[in-house]
Amino acid sequence: MKKFQIINGPNLNLLGKREPTVYGNTSFEDYLEVLRNQYPSCKIDYYQSNVEGELIDKIHEAGFSYDGIILNAGAYTHTSVALHDAIKAIASPVVEVHISNVHTREEFRHHSMISAACKGVIAGFGLKSYELALLALIN
Ligand code: DQA
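Here, residues in each chain are numbered from 1, in the same order as that chain's written sequence. In keeping with the model being predicted, local features are shown solely for residues with a pLDDT of at least 70 and side-chain atom pairs are shown and tallied solely at 80 or more, while totals for entire chains, interfaces and linings include all residues. Side-chain metrics rest on all non-hydrogen atoms present in the structure, leaving aside hydrogens and water.

**Student:** Sorry if this is basic, but what is going on with helix α3 (residues 52-62) here?
**Tutor:** Among the residues of α3, those classed as buried are Leu55, Ile56, Lys58, Ile59 and Ala62. Viewed end-on, α3 has its buried residues packed into an arc of 160°, placing them on one side of the element. We call two residues in contact whenever any of their non-hydrogen atoms come within 4.5 Å of each other. Starting at the N terminus, helices and strands are each numbered in turn, a helix being any DSSP run of H or I of at least four residues and a strand any DSSP run of E of at least two. Buried-residue contacts for α3 involve β1 (2-8), β2 (42-48), β3 (68-72) and α4 (81-89). Burial here depends on accessible area, computed with a 1.4 Å probe over protein chains only, as a share of the maximum for the residue type. Under 20% is buried, over 50% is exposed, and the range in between is partly exposed. In this description, one arc is meant: the one made by directions from the helix axis to the C-beta atoms.

Shown next, in the form of structure tokens:
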């Protein structure tokens with residue numbers, strides 16, 4: 001069975017409550033249940049932290065045994081050299097994911113510090129972005 005690690009960064013624990021016009025009304029836990037039911041042949045693990053160092057620790061932990069990592073680094077996307085280096089340091093492919101289309105939003109969201117270290121980027125498809133990333137990794 002292929003196994004994938006989803007990692008969500010800061011403020012994504014508030015999905016469903018946080019800026020619903022941007023991020024929707026569904027909690028990540030509810031979406032995850034749907035996703036797991038849709039892909040019963042995959043093991044999908046989930047981790048969320050608001051702390052940059054904890055995200056790095058999880059990338060290190062998953063990065064040598066999982067078939068892929070789906071990473072929504074939240075605002076750290078735009079600031080973190082340390083996350084870029086962590087992604088470069090591991091063996092598993094990482095897909096960068098964003099719920100919103102960051103390129104239609106404020107200018108400070110247009111640049112990602114992590115894209116160049118990732119296998120690919122998916123942004124703007126709501127929570128479906130995670131499924132698209134999973135499909136990319138499965139294939
Ligand atoms: C986000 C976009 C980021 O700019 C923002 O800081 C987030 C969420 C997204 O999923 O659209 O926290 O990564």
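**Student:** When you look at the packing of α3 against α4 in this model, what are you seeing that I'm missing?
**Tutor:** Each packed pair of helices is defined by two parameters, the angle between the axes and the distance between the axes. Helix axes are fitted only over the stretch in contact, all axes being lines through C-alpha atoms; the angle between N-to-C directions runs from 0 to 180 degrees. Where α3 contacts α4, the two axes come as close as 9 Å, and the packing angle between them is 5°. With respect to α4, the element α3 is oriented roughly parallel. Across from Glu52, Leu55, Ile56, Ile59 and His60 in α3, the residues of α4 making contact are Ala82, Leu83, Ala86 and Ile87. Basically, the charged four are Asp, Glu, Lys and Arg, the nonpolar ten are Ala, Val, Leu, Ile, Met, Phe, Trp, Tyr, Cys and Pro, and anything else, Gly included, counts as polar. Considering only residue class, the contact of α3 with α4 consists of seven nonpolar, one polar and one charged. Relative orientations are named as follows: roughly parallel for angles under 35 degrees, roughly antiparallel for angles over 145 degrees, roughly perpendicular for angles from 65 to 115 degrees, and oblique for any other angle.

**Student:** How do you make sense of the nonpolar core when you look at a structure like this?
**Tutor:** Across soluble globular proteins, nonpolar side chains show a tendency to be buried alongside one another. Among buried residues, the Ala, Val, Leu, Ile, Met, Phe, Trp, Tyr and Cys ones that are joined through side-chain atoms within 4.5 Å form a nonpolar core. Counting residues in hydrophobic clusters, the biggest one holds 22 residues, and the most contacted among them are Ile6, Phe28, Ile44, Ile70 and Tyr130. When contributions to this core are tallied by element, the ones reaching two or more residues are β1, α2 (28-38), β2, β4 (94-98) and α5 (128-138). Not counting residues up to four positions away in its chain, the partners in contact with Ile44 are Phe4, Ile6, Leu32, Leu35, Arg36, Tyr39 and Leu134. Counting 18 residues, the second largest nonpolar core, distinct from the first, contains Leu55, Ile59, Tyr76 and Cys118.

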